[in-house]
Amino acid sequence: MVPPFPFSWPACVHAFFLRYPNPQASHVLTVDVLDRRIDQRPPKAPSEPPSFVLCTTRLLLKRGSLPSWAPKNIIKNTEAWVLEESEVDLSAPSDDDSTPRVMSIWTRNLDHTTVLAVTEGIRFTENRKDVPPKAPTLCSTDADVRSDLSFSLLRRRIEKFGLKSYLSHMDTSRKGLFWSIRHLNHLRDPSSTRIMTTDPGPSRTKRLLHALRPPFLDGYPLGPIQWIKQRWKRWKEGDKMY
């Protein structure tokens, strides 16, 4: 069990999906959503309706580092793909603490698994004992760090290094979530009215200018007139050079 987050459960869930990029995660290079769907699950009690869960699969590319004592060429590069799967309870908040909403996350690296494989499980549990939105979100983590190298002495040393790196990244990940919430006003203060304001949209003049915008500026092929103008401009520039 790690210290709770001093933010509401919806804020932590929202910030988790928006925490990249942040200054604490320079080692995360890319984040791609592979799949996102809503699954229907059986009711938690016979008298309750079925529950719905938001299931998301993401692929992250992370850059790591090797200790100076590691054998050379033990891995080809220090970048690794990491698979992240998460489930978010979409049910409405209950009036009691008997059925708190939960977000579950599982991550594991897909590369270099023989050298070091790290599997992590995280749970964000809604705290219904305190009055929202100030109720802190409970968090628990579980991880498995192991190496499958045949040389036992090197294997134990790499597992020790991996565990130390994982513990340090736990603090970094926590700071990244804090950074995300503090830079998203509607997560930090759900009662803020700024997110309730509607966007009036572009003015009539801007809509007209956008309608008259030449298509080739948006990646479409050049029209005959634009093609002739471009060729004429290049010919004149080439003629001036001589």
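Since this is a predicted model, take the numbers as computed values, not measurements.

Turning our eyes to something else, we now look at the layout of surface pockets. Any space left empty among the atoms is revealed by the rolling of a water-sized probe across them. Approximately 260 Å³ is the volume attributed to the second largest pocket. If you trace the second largest pocket, you find 13 residues lining it, with Lys-44, Glu-48, Pro-49, Ser-91 and Ala-92 closest to the centre.

With that out of the way, let us pick up the pairing of strand β4 (residues 79–89). Both strand β3 (residues 51–63) and β4 contribute to a ladder of eleven bridges, which runs antiparallel. Each bridged residue has a counterpart across the sheet, and for Val-53 the counterpart in β4 is Asp-89. Across seven bridges, β4 lies against strand β5 (residues 102–109) in antiparallel orientation. Looking at the pairing, Val-82 lines up with Asn-109 of β5.

Looking at the protein, pLDDT values average 81 and 76% of them are 70 or higher. Per-residue pLDDT stays below 50 along residues 191–200; that stretch engages in two contacts with residues further than four places along the chain or on separate chains.

Along the chain, Trp-69 turns up in the loop between β3 and β4. On the accessibility criterion, Trp-69 (29% relative accessible area) is partly exposed. As a C-alpha pair, Trp-69 and Arg-157 span 88 residues in sequence and 9.9 Å in three-dimensional space. Apart from the residues lying within four places of it in its own chain, the contact partners of Trp-69 are Leu-154, Arg-157, Ile-158 and Phe-161.

Conventions we followed
- Residues numbered from 1 in each chain as written.
- Predicted model: local features only at pLDDT ≥ 70, side-chain atom pairs only at ≥ 80, totals over all residues.
- Heavy atoms only, no water.
- 1 Å grid on protein atoms, 1.4 Å probe; cavity = no way out; pocket = protein on both sides within 12 Å on 5 of 7 lines; lining within 4 Å.
- Points joined across faces, edges and corners; volume = space filled by probe spheres on them.
- Pairing = 2+ DSSP bridges.
- Helix = DSSP H or I, 4+ residues; strand = E, 2+ residues; numbered from the N terminus.
- pLDDT = per-residue confidence, 0-100.
- Contact = heavy atoms within 4.5 Å.
- Buried < 20%, exposed > 50% of the residue type's maximum accessible area, 1.4 Å probe, protein only.

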